[in-house]
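# Residue-level structural notes
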Amino acid sequence: MPNLLALVRPHRWSGIAGVALASLTVTAGSALAATAEAPHGAEHGGGGLPQLNPATFPTQIFWLAVTFITLYWLLSKKALPRVAEVLEERQERISRDLGKAGALKDEAETVMAGVEKSLAEARTKAQAEIGRASAEIDAANSARQQQLAADVAERLRQAEARILAAKQDAVANVRSAAADIARDVAARLAGVDSDPAKAEAAVAAVMEERG
Amino acid sequence: MDPLHQFQINPILQIVIAGYDVSFSNSSLFMAVAAGLIYALLVQGMKRRALVPGRLQSMAEMFYEFVANLVRDNAGHDARPYFPFVFAIFMFVLFGNLIGMIPYTFTFTSHIIVTFTLAFAVFVFVTILALVKHGMHFFTFFMPHGVPMFLAPILIPIEVISYLMRPVSLSIRLFANMMAGHTMLKVFAGFTVLMGSALGALGFAVGLVPLALNVALTGFEFLVAFLQAYVFSILTCLYIRDALELH
């Protein structure tokens, strides 16, 4: 209780002030006593301070000693140890409870750390799983894409081949038809029955010439 | 009407031992009442030994911890064994002062012989304590270290006198405060009564002024009652520290 120490300072002047006030009031009081109750004053040593009457000293010292020593003995032997005991008990109880609370807190913290750890583990595991799955999907996608591309190319190739064949077929048909027409024209106009092979060769030569 | 009449010692039971008049008086009665109340407060308060204290137990514990802190802060940790002594002094003076605030009671701390006996007991106690703790080394207390030798003829008498004056200042401070306060209360009360009887109706009106002052003074006296008990015990603690540590 250090703040109470500040209260000690007034004692220097409070002593002086006390003496001053005492003398002041005693003077005023004596005056009052002298005027108000003059005969009464004679009862205690001519109106002086009862405090300064040595006749009352032995009884006060004696009873002060008796009561104070008794009080000291009772306090130091009985009352104060009991208070100390109760206070110690309470302190002990408080520190014990605090210790228990601390242990429980530690326990909760370890549990919490465990939870945190398993949570992190699960998270990394999930992350790995996701990675793996997405890689798999990517691989499947690209494989399918490749296959699709190959398929399309194959079909394109086949179509082109078919078109080429049809074209050659058509060209051949045109050539034979042209030869026939040419032979027919020659027979009708000139009455010449030309050789089909020759006619065909001639047609081919003309077609070659015209592109 | 005599404001000093309240300090009169009135024997209740005449007792004479070895030629000395040690009658049981009003002063002795209130010493016994104070001691009884202190003991009753502590015993009755701590009776239930509750973990969560009630009113009375709180009060008992508060006094205990207050004085324990006082001793620890001002006399040091080595002063633990003297805690009951300081506690007894604090409680005895405090209860003496406070009981005196009740009308028609007797304030035994307003008698110089009582406060001087208490202060002298403290003085003897700390001197014996210092002598037992430090032996002849105790007398270096009057000649602090590092003081030039030529100052010794002046310093040593001053230190010795100031040491011997301790019980005087300790006792007069308490006695003067208590007596002055109680006398003042009585004087102002006397003014009120005097005016009422001398001036009639007007006197009653004027008499209200000292009465109002008395109310304020009563509050002030409660503060003084506590403060003086506190000062008495804190100085006791400081003297114990001096005895234990020799500066």
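The name an unreviewed UniProt entry gives chain B is ATP synthase subunit a, with Azospirillum oleiclasticum as the organism. Its UniProt record gives chain B a comment under Function (unreviewed entry), which states: "Key component of the proton channel; it plays a direct role in the translocation of protons across the membrane." Of the comments in the UniProt record for chain B, the one headed Sequence similarities (unreviewed entry) reads "Belongs to the ATPase A chain family."

In the annotation of an unreviewed UniProt entry, chain A is listed under the name ATP synthase subunit b and assigned to Azospirillum oleiclasticum. Heading Sequence similarities (unreviewed entry) of the UniProt record for chain A holds this comment: "Belongs to the ATPase B chain family."

Our focus in this paragraph is the overall build of chain B. Broken down by element type, chain B carries six helices and four strands. The proportion of buried residues among the 247 residues of chain B is 40%. For chain B, the share of sequence-separated contacts (at least 6 apart) that also reach a separation of at least 24 residues comes to 65%.

This brings us to the UniProt feature "transmembrane region" (unreviewed entry) in chain A. Under the UniProt annotation, the feature "transmembrane region" (unreviewed entry) is placed at residues 57-75 of chain A. Between the first and last C-alpha atoms of residues 57-75 of chain A the distance is 26 Å; the span itself is 100% helix and 0% strand.

Moving on, we get to the nonpolar core. Counting 74 residues, the largest nonpolar core has V71(B), V86(B), F87(B), A88(B), I89(B), F90(B) and F92(B) as its most contacted members. Elements with a contribution of two residues or more to this core: α3 (57-190) of chain A together with α1 (26-45), α2 (55-75), α3 (83-99), α4 (112-134) and α6 (166-245) of chain B. In terms of residues, this core owes the most to one element, α6(B), which gives 23 residues. Sequence-distant contacts of F90(B), defined by excluding residues within four places in its chain, comprise V67(B), A229(B) and S233(B).

Attention shifts here to α6(B). Along its 80 residues, α6(B) runs just 17 Å from first to last C-alpha, ending more than 12% under the 118 Å computed at 1.5 Å per residue. Just downstream of α6(B), L246(B) is the residue with a positive phi angle, here 50°.

It is worth spelling out α3(A) at this point. Working note: α-helix, 3.6 residues per turn, so residues spaced by three or four point in the same direction. Compared with an ideal rise of 1.5 Å per residue, which puts 134 residues at 200 Å, α3(A) spans 187 Å between its outermost C-alpha atoms and is within 8% of the ideal. Two residues or fewer past α3(A), G191(A) is found with a positive phi of approximately 70°.

For the rest of this paragraph, the subject is the environment of A60(B). Mapped onto the fold, A60(B) is located in helix α2. Spatially, the C-alpha atom of A60(B) lies 9.1 Å from that of Q44(B), the residues being 16 residues apart in sequence. Beyond its immediate chain neighbours, meaning those up to four positions away, A60(B) contacts V83(A), L41(B), L42(B), G45(B) and M46(B).

Now for the UniProt feature "transmembrane region" (unreviewed entry) in chain B. Mapped onto this numbering, the UniProt entry gives "transmembrane region" (unreviewed entry) at residues 12-42, 82-106, 112-132, 139-165, 185-213 and 220-241 of chain B. Measuring from the first to the last C-alpha atom of residues 139-165 of chain B gives 16 Å, for a span that is 48% helix and 0% strand.

Residues and elements named next belong to chain A. The predicted model of chain A averages 79 in pLDDT, with 77% of residues at 70 or higher. The lowest-confidence element of chain A is helix α2 (residues 38-41), averaging 40 in pLDDT; the highest-confidence one is α3, averaging 91. Below a pLDDT of 50 lies the segment residues 31-46, which in the model reaches 23 contacts outside its immediate sequence neighbourhood of four places, other chains included.

Residues and elements named next belong to chain B. Phi at Y104 takes a positive value of approximately 75°, unusual for a residue other than glycine. Here Y104 is to be found in the loop between α3 and α4. Judged by the 6 C-beta atoms lying within 10 Å of it, Y104 is exposed.

So, on to the environment of N26(B). Residue and element names in this part refer to chain B. Position of N26 among the secondary structure elements: in helix α1. Separated by 19 residues in sequence, N26 and F7 have C-alpha atoms that sit 9.9 Å apart. For N26, the residues in contact, after removing those within four places along its chain, are I9, N10, I12 and F106.

Each value, and the rule that gives it
- Residues numbered from 1 in each chain as written.
- Chains lettered and ligands numbered in written order.
- Predicted model: local features only at pLDDT ≥ 70, side-chain atom pairs only at ≥ 80, totals over all residues.
- UniProt positions renumbered as here; feature names shortened; annotations may be inferred.
- Helix = DSSP H or I, 4+ residues; strand = E, 2+ residues; numbered from the N terminus.
- Buried ≥ 20, exposed ≤ 12 C-beta atoms within 10 Å, placed from the backbone.
- Contact = placed C-beta atoms within 7 Å.
- Core = buried A, V, L, I, M, F, W, Y, C linked by C-beta atoms within 7 Å.
- Expected span 1.5 Å × (residues − 1).
- pLDDT = per-residue confidence, 0-100.

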